[in-house]
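# A look at the structure
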Amino acid sequence: MSTSAADIFGRLARSYADETPLRLKVIDTYMAFCVAVGLAQFAYCLLVGTFPYNAFLAGFGSAVACFVFAANLRIKTNAKNAPQFAGTPESAFAEFVFCHIILHFIVANFLG
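Each chain carries its own residue numbering, running from 1 in the direction its sequence is written. Owing to the predicted nature of the model, reporting of local features is limited to residues with pLDDT of at least 70; listing and counting of side-chain atom pairs is limited to 80 or more, with chain, interface and lining totals taken over all residues. Excluding hydrogens and water, the side-chain values take into account all heavy atoms of the structure.

Labelled according to an unreviewed UniProt entry, the protein chain appears under the name Dolichyl-diphosphooligosaccharide--protein glycosyltransferase subunit OST2, originating from Coemansia spiralis. UniProt positions are given in the numbering used here, feature names are shortened, and annotations may be inferred rather than shown by experiment. Recorded in UniProt for the protein chain, the comment headed Sequence similarities (unreviewed entry) runs: "Belongs to the DAD/OST2 family." Quoted verbatim from the Pathway (unreviewed entry) heading of the UniProt record, the comment on the protein chain is "Protein modification; protein glycosylation."

Next up, the structure:
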């Protein structure tokens with residue numbers, strides 16, 4: 001049963017494309033965007049410096065928190081996890097939006 005890594009990743013990609021609902025794919029894309037933003041901010045910090053350190057902390061912390069909120073939304077809106085969580089996908093999205101509003105108030109306050 002020796003299969004190559006390319007076969008394994010090919011099967012994984014086909015399975016993801018065929019079995020994952022569009023709603024979860026959109027959330028996954030947003031999560032990838034949050035990771036890219038966090039990495040870009042960290043690379044900028046390494047290359048240029050940390051002069052406005054509070055701005056770096058606010059931006060990087062916001063990217064991490066957005067990723068965590070999106071992971072929570074993905075878990076709660078996945079139909080396979082429905083027995084474990086009370087509520088509807090709409091209430092999970094409302095929690096997501098509320099947490100983002102509070103997060104951005106905190107980030108704006110931290111920037112001063």
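## Concerning a nonpolar patch on the surface
Note on patches: the residues involved have over 30% relative accessible area and no salt bridge, like charges join within 9 Å, and the nonpolar side chains Val, Leu, Ile, Met, Phe, Trp and Tyr join within 5 Å. Where accessible areas are quoted, they stem from the Shrake-Rupley method and a 1.4 Å probe; at the residue level, only the protein chains shown are allowed to cover. Any carboxyl oxygen of Asp or Glu that lies within 4 Å of a side-chain nitrogen of Lys or Arg is treated as forming a salt bridge with it. Residues F93, V97, F98, I101, I102, F105 and I106 make up a contiguous nonpolar surface patch of about 700 Å² in total accessible area. Relative to the elements of secondary structure, F93 occurs in helix α4 (residues 89-111). Put simply, DSSP H or I for four residues or longer makes a helix, DSSP E for two residues or longer makes a strand, and each gets a number counted from the N terminus.

## Brief notes about the environment of F93
Exposure categories follow from relative accessible area, calculated using a 1.4 Å probe and restricted to protein chains: below 20% of the type maximum is buried, above 50% is exposed, and the middle band is partly exposed. The class of F93 is partly exposed, set by a relative accessible area of 46%. In the structure, F93 is positioned 13 residues away from K80 in sequence and 17 Å away in space, judged by C-alpha atoms.

## Concerning helix α2 (residues 22-48)
Residue count minus one, scaled by 1.5 Å, sets the expected span of a helix. Here α2 spans 38 Å end to end across 27 residues, near enough to the 39 Å set by a 1.5 Å rise per residue. The complete set of buried residues in α2 reads L24, I27, D28, M31, C34, G38 and C45. On its buried face, α2 sits against α1 (5-19) and α3 (53-77). Taken from the residues just after α2, G49 is the one with a positive phi, measuring 125 degrees. Contacts are assigned to residue pairs that have any heavy atoms within 4.5 Å of one another.

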